[in-house]
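Analysis of the macromolecular model
Spelled out from the first residue to the last, the chains are:
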Amino acid sequence: MASISARRLSKELMEIKNDGCPVGINLIKADDFSTWWFTIEVMGESLYQNEQFTLQFRFDPQYPISSPAVQFIVTEGKQAPVHPHVYSNGHICASILGNEWSPVLSVIAVCVTLQSMLASCKEKQRPIDNDRYVKHAPENPKKTRFHYDGECQCYRIIPIQDLTIRFL
């Protein structure tokens, strides 16, 4: 019997193949139910006009109960967009990939949300803690807990067990 994850991903893949992707989003790789790749492009006038980015989705056996690990690909000549919610290593600070994830969200819904995030950007800049975060970031973005504040700045929360406390 297929797992819940495999059944859900099979359904999503069938919908993509039958209905296609929204404008500006293309499935480029879905060989299995562990990793999918999409290209994403912002349509119309934006800071990212004529730019194309590649998203990687990694699914664990708990999908869709747990969110996929989603990041922009930054290898093979590909770059992550310069955006206040996107680190230079491709990790994305977006609440729907963390504490606001819902099992009703689909892969395409995540792509459309990220496309909209790029379209609404007013200034190309990295998150304020980009260099520090990238230097210490885990390979899997799901292993970072982000704080989402009203200013749309992202801060990595360091678990207490990772802190070294010195007493004078």
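Rules behind the numbers
Residues numbered from 1 in each chain as written. Predicted model: local features only at pLDDT ≥ 70, side-chain atom pairs only at ≥ 80, totals over all residues. Heavy atoms only, no water. Salt bridge = Lys/Arg side-chain N within 4 Å of Asp/Glu carboxyl O. Helix = DSSP H or I, 4+ residues; strand = E, 2+ residues; numbered from the N terminus. Core = buried A, V, L, I, M, F, W, Y, C linked by side-chain atoms within 4.5 Å. Buried < 20%, exposed > 50% of the residue type's maximum accessible area, 1.4 Å probe, protein only. Contact = heavy atoms within 4.5 Å. Phe/Tyr/Trp six-rings, centres within 6.5 Å; stacked < 30°, edge-to-face > 60°. Lys NZ or Arg CZ within 6 Å of the ring centre and 35° of its normal.

Per an unreviewed UniProt entry, the protein carries the name Ubiquitin-conjugating enzyme/RWD-like protein and comes from Rhodocollybia butyracea.

1. Description of the pattern of salt bridges
Within the structure shown, the criterion is met by six salt bridges. Among the ionic pairs, K142 bridges to D60, the shortest N-O distance being 3.3 Å. On the criterion of sequence distance, the pair formed by K142 in the loop between α3 (130-136) and β5 (145-148) and D60 in the loop between β3 (52-58) and β4 (69-72) is long-range, its members being 82 residues apart.

2. Concerning the nonpolar core
Counting 32 residues, the largest nonpolar core has W36, F38, L55, F57, F72 and I92 as its most contacted members. Of all the elements in the fold, those that place two or more residues in this core are α1 (4-19), β2 (35-41), β3, β4 and α2 (107-119). Counting residues per element, this core draws most heavily on α2, which supplies seven residues. Leaving out residues up to four positions away in the same chain, W36 has contacts with L9, E12, L13, I16, K29, A30, L55, Q56, F57, F59 and V107.

3. What about the packing of aromatic side chains?
Under the definition given, this model contains nine aromatic pairs. Ring geometry for F57 versus F59: centroids 6.3 Å apart, planes at 20°, classification stacked. Considered together, F57 and F59 belong to a single accessibility category, that of buried residues. Ring pairs connect the aromatic residues W36, F38, F57, F59, Y63 and W101, which therefore count as one cluster. Across the ring face of W37, the terminal group of K29 is positioned such that the distance to the ring centre comes to 5.6 Å.

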